[in-house]
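Listed below, chain by chain, are the residues.
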Amino acid sequence: MNDLVTSYLSTWNEQDADARAKLLADHWADNASYTDPLAEAAGRDAISATIGAVHEQFPGFVFTPVGDADGHHRQTRFQWGLGPEGAEPVVVGFDVVVTNDQGRIETVLGFLDRVPPTS
């Protein structure tokens, strides 16, 4: 589970599009999908674009695990934080990651637990 979370967060932390595409190819299924309250993406290219948009909205922020991962069968759930490195996260979320039979990320269902207030 921890390897899965590490690979997942590494993909989200990668700012370089080419390096991110490599991580997606290495760890995510061809038909991967990502859904959270603000985005829905199907396929690696769309997921990469979603990640790129997050980097544009929160430049210099990093994703970090919050607490321990829990899982069964091919599902892993964990909480993450997004904020300046070494600081309290500005955004906190909770994701459920489902892998395929080869252990590649196939489905991600994301939830936002804490978001900054909008003005």
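This text gives an overview of the structure that appears in the document. Treat the numbers as computed from the prediction; the structure is a model and nothing was measured. (Residues numbered from 1 in each chain as written. Predicted model: local features only at pLDDT ≥ 70, side-chain atom pairs only at ≥ 80, totals over all residues. Heavy atoms only, no water.)

**A closer look at the packing of aromatic side chains**
Enumeration over the complete set of coordinates arrives at 7 aromatic pairs. Plain terms: the ring middles of phenylalanine 63 and tryptophan 80 are 5.3 Å apart, the flat faces sit at 65° to each other, and that makes the pair edge-to-face. A residue pair is termed long-range when its members are at least 10 positions apart, and phenylalanine 63 in strand β3 (residues 61-72) and tryptophan 80 in strand β4 (residues 75-84) qualify at 17 residues. Take phenylalanine 63 and tryptophan 80: they sit in the same class, and that class is buried. Through a chain of ring-to-ring contacts, the aromatic side chains of Tyr8, Trp12, Trp28, Tyr34, Phe63, Phe78 and Trp80 assemble into a single cluster. (Phe/Tyr/Trp six-rings, centres within 6.5 Å; stacked < 30°, edge-to-face > 60°. Helix = DSSP H or I, 4+ residues; strand = E, 2+ residues; numbered from the N terminus. Buried < 20%, exposed > 50% of the residue type's maximum accessible area, 1.4 Å probe, protein only.)

**Some details on the packing of helix α1 (residues 2-13) against helix α3 (residues 44-57)**
Close contact between α1 and α3 brings their axes to 9 Å; oriented N to C, the two are set at 60°. As judged from the angle between their axes, α1 and α3 are oblique. Where α1 abuts α3, its residues Thr11, Trp12 and Asn13 lie against Thr50, Ile51, Val54 and His55. (Axes fitted to C-alpha atoms, helices over the stretch in contact; angles between N-to-C directions. Parallel < 35°, antiparallel > 145°, perpendicular 65-115°, else oblique. Contact = heavy atoms within 4.5 Å.)

**Details of the environment of aspartate 16**
Along the chain, aspartate 16 falls in the loop between α1 and α2 (17-27). When the C-alpha atoms of aspartate 16 and leucine 38 are compared, they prove to be 22 Å apart, with 22 residues separating the residues in sequence. Here alanine 19 takes part through its backbone nitrogen, which lies 2.8 Å from a polar atom of the side chain of aspartate 16. (Polar contact = N/O pair within 3.5 Å; in protein donor to acceptor, adjacent residues only side chain to side chain.)

**Notes on α2**
For α2, every residue scored as buried is listed here: Arg20, Leu23 and Leu24. All buried residues of α2 project into a common sector of 100° when viewed along the axis, lining one side. Residues of α2 that are exposed and point more than 90 degrees away from the buried face comprise Asp18 and Lys22. Packing partners of the buried residues in α2 comprise α1, β1 (28-36) and α3. The N-terminus of α2 is capped by aspartate 16, whose side-chain oxygen sits 3.2 Å from the backbone nitrogen of aspartate 18. (Arc of directions from axis to C-beta.)

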